[in-house]
Amino acid sequence: MAALTISDAKRVVIKIGSALLVDRDTGALRADWLVGLASDVAALKANGTDIILVSSGAIALGRGVLALGSGPLSLEEAQAAAAVGQIRLARAYEEALAPHNLTSAQILLTLDDSLDRRRYLNTRATFAALLARGAVPIVNENDTIATDEIRYGDNDRLAANVAVMAGADICVLLSDIDGLYTAPPGTDGATHLPLVEEITAEIEAMAGDAGSGLSKGGMKTKIMAARTATAAGCAMVITQGAVDRPLQALQSGAASTWFTANLTPQQARKAWIGAMKPKGAVRLDAGAVAAIGRGKSLLPAGVAQVEGSFERGDPVRIEGPDGAALGIGLSRYTSAEAQAIAGHHSSEIEPILGYPGRAALIHRDDMAL
Ligand code: GLU
């Protein structure tokens, strides 16, 4: 089962809603709140936890600058507001995190980055490279180019997808409410639910629909996000974000709703890959079979033969020297490229293909044996 306290987690995604970051009345950034959040992030980083922030606020910040008023925006106005606001949003994080010696990295995603497997793997590799170097990715939807058909739409959904792509153990939604209630909070008999182990139809019915004035997400989008995250082995927690140090508060027992996952992200990922239909096969030599058995990635040097026609990111069968199926993995090369580099040392990849490639043909994280 996935971790259920942030201090046990290796990798945490934290979603910050517009209403926390931007003052509803003035449209100004709530800089003091951000200073507190940065201290929380620094404390978690010092504890060795990888942190990814998914932050809304681009449109809310930009609309004030462009004097677009507080009413509904047309698509073009929202895109223009996002373009103006995002640059300010990124700077605000940079300025808040730099005093803690933390490097911020901006990542703007569109829905295709998680739906298309090749782009998904690419995005995943970028997250891994940044986190390995200690950076704090600051993620938002690429609102400036996203239109309705190609958008996540709300950052609850975006955060859950980022958590899945990055293999996070916990996704924290900092919200303007401290969790899920059996009925709209304030109404008769409404009780707070601290733990949801299964997202049943009854749980879904408890989620109303309303979002606050600045943010797109309501409880319904949060429950959908919980479905996405938990299915991939990532626990999700909703807690009140409008306090000074919200993550410290959560760790000290502030009210929250946890959605548990039954698998770890690694187990869920292996199950996902293991269930795919292979588009081709790679036959290994004995040395490579032994190496992947020890948990190593598959290098081109260990591949004796390539069968079938596949694209980058496609699932392929991994076979022993005698053709016995050992498992399934996602190929980082097309079948044509794989054929060209099979049996060759990784340093020969660039001379053979004419462009640099990734060292592994199948990364160990992308194998289900
Ligand atoms: N991506 C939007 C923004 O930065 C926010 C979407 C949401 O509030 O869920 O303004």
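Notes on the structure follow. Keep in mind it's a predicted model, so treat the numbers as computed, not measured. All residue numbers refer to positions counted from 1 along the written sequence of the respective chain. Given that the model is predicted, a residue must reach a pLDDT of at least 70 before its local features are reported, and side-chain atom pairs must reach 80 or more before they are shown or counted; all residues, however, enter totals for whole chains, interfaces and linings. Each side-chain value is worked out from all heavy atoms of the structure, with water and hydrogens disregarded.

## A closer look at the overall build of the protein chain
Link 1 in the chain: Here a helix means four or more residues in a row that DSSP labels H or I, a strand means two or more in a row labelled E, and each is numbered from the N terminus. Looking only at helices and strands, the protein chain has 14 helices and 15 strands in total.
Link 2 in the chain: Relative to its length of 369 residues, the protein chain is compact, with a C-alpha radius of gyration of 22 Å against a globular reference of 21 Å.
Link 3 in the chain: If you line up the protein chain on its principal axes, its C-alpha atoms span 65 × 45 × 40 Å.
Link 4 in the chain: Accessible area is worked out with a 1.4 Å probe on protein chains only. A residue is then buried under 20% of its type maximum, exposed over 50%, and partly exposed in between. Put simply, the protein chain has 369 residues, and 50% of those count as buried.
Link 5 in the chain: Nonlocal contacts in the protein chain, meaning residues at least 24 apart in sequence, comprise 71% of its contacts between residues at least 6 apart. Just to be clear, the radius of gyration here is over C-alpha atoms, and the globule rule we use is 2.2 Å times residues to the power 0.38. Residues are treated as being in contact if the distance between any of their heavy atoms lies within 4.5 Å.

## A word on the packing of helix H3 (residues 58-65) against helix H4 (residues 75-97)
Link 1 in the chain: To get an axis, a line is fitted to the C-alpha atoms, and for a helix only the part in contact is used. The angle between two axes follows their N-to-C directions and goes from 0 to 180 degrees. At a minimum axis distance of 6 Å, the contact between H3 and H4 shows a crossing angle of 105°. One way to sum up the angle between H3 and H4 is to call them roughly perpendicular. Where H3 approaches H4, its residues Ala 58, Ile 59, Leu 61, Gly 62, Arg 63 and Val 65 are matched on the opposing element by Ala 78, Ala 81, Ala 82, Val 84, Gly 85, Gln 86, Arg 88 and Leu 89.
Link 2 in the chain: Under the scheme applied here, ten amino acids are nonpolar (Ala, Val, Leu, Ile, Met, Phe, Trp, Tyr, Cys and Pro), four are charged (Asp, Glu, Lys and Arg), and all others, including Gly, are polar. Classifying every residue of the contact of H3 with H4 by side-chain character gives 9 nonpolar, 3 polar and 2 charged. Here the word oblique covers every angle except those under 35 degrees (roughly parallel), over 145 (roughly antiparallel) and from 65 to 115 (roughly perpendicular).

## Remarks on the site of the ligand
Link 1 in the chain: Think of it this way: one heavy atom of a residue within 4 Å of a molecule or strand is enough to make that residue near it. Neighbouring residues of the ligand: 11 residues in total, closest Ala 58, Ile 59, Asn 140, Asp 143 and Asn 155.
Link 2 in the chain: The separation between an oxygen atom of the ligand and a polar main-chain atom of Asn 155 is 2.7 Å.
Link 3 in the chain: Here the open area of atoms and residues is found with the Shrake-Rupley method and a 1.4 Å probe, where only the protein chains shown may cover a residue. Protein burial of the ligand: of its 300 Å² of free accessible surface, 97% is covered by the chains.
Link 4 in the chain: Here the residues of the shell around the ligand sort into 2 nonpolar, 6 polar and 3 charged. Between N or O atoms, a polar contact is any pair within 3.5 Å; within protein, one atom must be a potential hydrogen donor and the other a potential acceptor, and residues adjacent in sequence are included only when both atoms are from side chains.

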